[in-house]
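Observations on the model geometry
The chain contents come next:
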Amino acid sequence: MSIQNRFSKFHDKIKLGREDDAYREARAKDNSILDEIKAEFRSAGYPIIETFIQGSLSTYTGIKHPVDDFDIDRAVVIDADNAPDNPVELKKLVLKVLEKRGFKNARVKKPCVTADYINLSLHIDIVVYRKGGEQYELAVGKLNSNEQNREWSPSEPKKLIEHINNSSLFIGSADLKIKQFKRLVRYFKRWRDEKFGQAIGKKVFSIGLTLMLKEQFRPAIDNNGKVDDLQSLRDTVGAIMASNYFHWAGDNKYKVNVYLPVQPYINVFENSSIDTGTQLYNKFKLLLTKLDQALEEDSLKKQCEILQGLFGNDFEVPEKEQSDNAGKVAYSNAGVVGTSQGA
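Residues numbered from 1 in each chain as written. Predicted model: local features only at pLDDT ≥ 70, side-chain atom pairs only at ≥ 80, totals over all residues. Heavy atoms only, no water.

This part covers the overall build of the chain. Each helix and strand counted, the chain has 11 helices and 11 strands in total. Taken over the C-alpha trace, the chain has a radius of gyration of 22 Å; the compact-globule value for 343 residues is 20 Å, and the two agree within 12%. Across its three principal directions, the C-alpha atoms of the chain cover 65 × 45 × 40 Å. Relative to its 343 residues, the chain shows a buried fraction of 49%. Across the chain, the fraction of contacts at a sequence separation of at least 24, relative to all contacts at a separation of at least 6, is 67%. Total accessible area on the chain stands at roughly 16200 Å², and carbon and sulfur atoms take up 46% of it. (Helix = DSSP H or I, 4+ residues; strand = E, 2+ residues; numbered from the N terminus. Rg over C-alpha atoms; globule rule 2.2 N^0.38 Å. Buried < 20%, exposed > 50% of the residue type's maximum accessible area, 1.4 Å probe, protein only. Contact = heavy atoms within 4.5 Å. Areas by Shrake-Rupley, 256 points an atom, 1.4 Å probe, with all protein chains shown as cover.)

Here's what the structure looks like:
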């Protein structure tokens, strides 16, 4: 089994899609909760005109977390002409539904309403928009926010999903490249979950990692369509480190900046601490070093040991030593296609 086959096996272990059996219970709860929210909004005079899934399940980059809950990221939309001036009024309706269903820690956060299921490994985030024409506006504000701290904020959630899923800017082998990009996103997320403590890890936002990857993606696919995820990972991490995401904050500390490519064009890490930026920078540096070591290693077993150290036990190490030299030579002779920048 080659190193690429090991990566494929690892990917199959960690990936999570909305239609997967592992997500069946979460999917059923999501549908049930949505029915109650629709009824609550309709009763209050704010009929929901649209709903959609946000987050990793909408971009086909979901993973099974080794410890934490499954996530539901649900958006509900009402007509702008029928929306109250105070967006928090709608978030109170969502909170009412979640509290009636016995969620724990149900609370209104600035961008969403969030809660955890009591008896299931399930975390839910519900976002409320109003829509006028093609323009979405996000309901921003907490329960006790005054008029200055609550608003309907212009947002482009569907354009963000389209941006991540778009392969049209890839030159040649677009289908293979978008699939490789999404595998890399899943590897990055698992690396984040394995290498960061829980407190900081939750602040290394998936959307921040995904956007960096999308902007700096370096595909590695030969002329015969043979993919090399290890080389692509190494080249993409190198491109991220050579980019302008990390800014010196003095004393070997860094601030990380990653901007949304759509409205509201904010820095995803705007409110993140210097500690988060510094840890991310240092761990990226170590990741790059380890990927270089793995590429230089002739032993498949030792390659897998290095990668297991990065991605955890779901990246399996063969029991017996075997050489992957033949595969490496074949790959290098074929020539790499698509060193072109991703979208």
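The subject of this paragraph is the pattern of salt bridges. Tallied over the full model, the rule gives 21 salt bridges. Here Glu-50 ties to Lys-158 by a salt bridge, and the two come within 2.5 Å at their closest N and O atoms. Of this pair, Glu-50 sits in strand β1 (residues 48-53) while Lys-158 sits in helix α4 (residues 157-165), placing them 108 residues apart in sequence. Look at Glu-50 and you get buried, because its relative accessible area is 15%. A relative accessible area of 34% means that Lys-158 is categorised as partly exposed. (Salt bridge = Lys/Arg side-chain N within 4 Å of Asp/Glu carboxyl O.)

Confidence along the chain averages 91 in pLDDT terms, with 93% of residues attaining 70 or more. Low confidence marks residues 323-327, where pLDDT is under 50. Its contacts with residues over four positions away, or in another chain, come to eight contacts. Low pLDDT, under 50, characterises residues 329-343; the stretch is placed with 43 contacts to residues that sit more than four places away or in other chains. (pLDDT = per-residue confidence, 0-100.)

The next subject is a positive patch on the surface. A contiguous patch of positive charge on the surface is contributed by Arg-107, Lys-109, Lys-110, Lys-142 and Lys-202. Along the polypeptide, Lys-142 turns up in the loop between β6 (135-140) and β7 (151-155). Classification of Lys-142 as partly exposed rests on a relative accessible area of 47%. (Patch = residues over 30% accessible without salt bridge, like charges linked within 9 Å, V, L, I, M, F, W, Y side chains within 5 Å. Lys, Arg positive; Asp, Glu negative; His and termini not counted. Charge placed at Lys NZ, Arg CZ, Asp CG, Glu CD.)

Turning our eyes to something else, we now look at the environment of Ser-8. By secondary structure assignment, the location of Ser-8 is in helix α1 (residues 3-14). Accessibility expressed as a relative area gives 29% for Ser-8, which makes it partly exposed. Separated by 105 residues in the primary sequence, Ser-8 and Val-113 place their C-alpha atoms 36 Å from one another.

Membership of the largest hydrophobic core comes to 51 residues, with the highest contact counts inside it found for Phe-7, Phe-246, Leu-280, Phe-284, Leu-307 and Phe-311. Those residues in contact with Phe-311, other than ones at most four positions away along the chain, are Phe-7, Phe-10, Tyr-187, Arg-190, Trp-191, Glu-194 and Leu-233. Counting residues in each nonpolar core, the second largest holds 32 residues, with Leu-16, Ile-33, Ala-83 and Ile-124 among its members. (Core = buried A, V, L, I, M, F, W, Y, C linked by side-chain atoms within 4.5 Å.)

Before going further, it helps to examine the side chain of Asp-228. Here Asp-228 shows up in the loop between β8 (221-222) and α8 (229-241). Here Asp-228 occupies a buried position and makes no salt bridge, while the nearest side chain of opposite charge, Lys-226, is found at 7.8 Å.

Relative to strand β2 (residues 70-79), β1 runs antiparallel, the two being bridged by five bridges. Residue pairing in the sheet places Phe-52 in a bridge with Ala-75 of β2. Note: β2 against strand β5 (residues 122-132), 10 bridges, orientation parallel. Note on β5: the bridge partner recorded for Val-77 is Tyr-129. (Pairing = 2+ DSSP bridges.)

Moving on: unusual backbone geometry. Between Gln-263 and Pro-264 the backbone carries a cis peptide bond, its omega angle lying at 10°. Its place among the elements puts Pro-264 in the loop between β10 (254-256) and α9 (274-296). Non-glycine residue Ser-173 carries a positive phi angle of around 50°. Relative to the assigned elements, Ser-173 resides in the loop between α4 and α5 (174-195). Of note, Tyr-265 is a non-glycine position whose phi angle comes to about 55°, a positive value. You can see Tyr-265 is positioned in the loop between β10 and α9. The class for Tyr-265 is partly exposed, based on a relative accessible area of 49%.

Direction vectors running N to C along α1 and α8 enclose 80°, while the axes themselves pass 8 Å from each other. In terms of orientation, α1 and α8 fall into the roughly perpendicular class. Facing α1, whose interface residues are Ile-3, Gln-4 and Phe-7, α8 presents Asp-229, Leu-230 and Leu-233. Of the residues in the contact of α1 with α8, the class split is four nonpolar, one polar and one charged. (Axes fitted to C-alpha atoms, helices over the stretch in contact; angles between N-to-C directions. Parallel < 35°, antiparallel > 145°, perpendicular 65-115°, else oblique. Nonpolar A, V, L, I, M, F, W, Y, C, P; charged D, E, K, R; others polar.)

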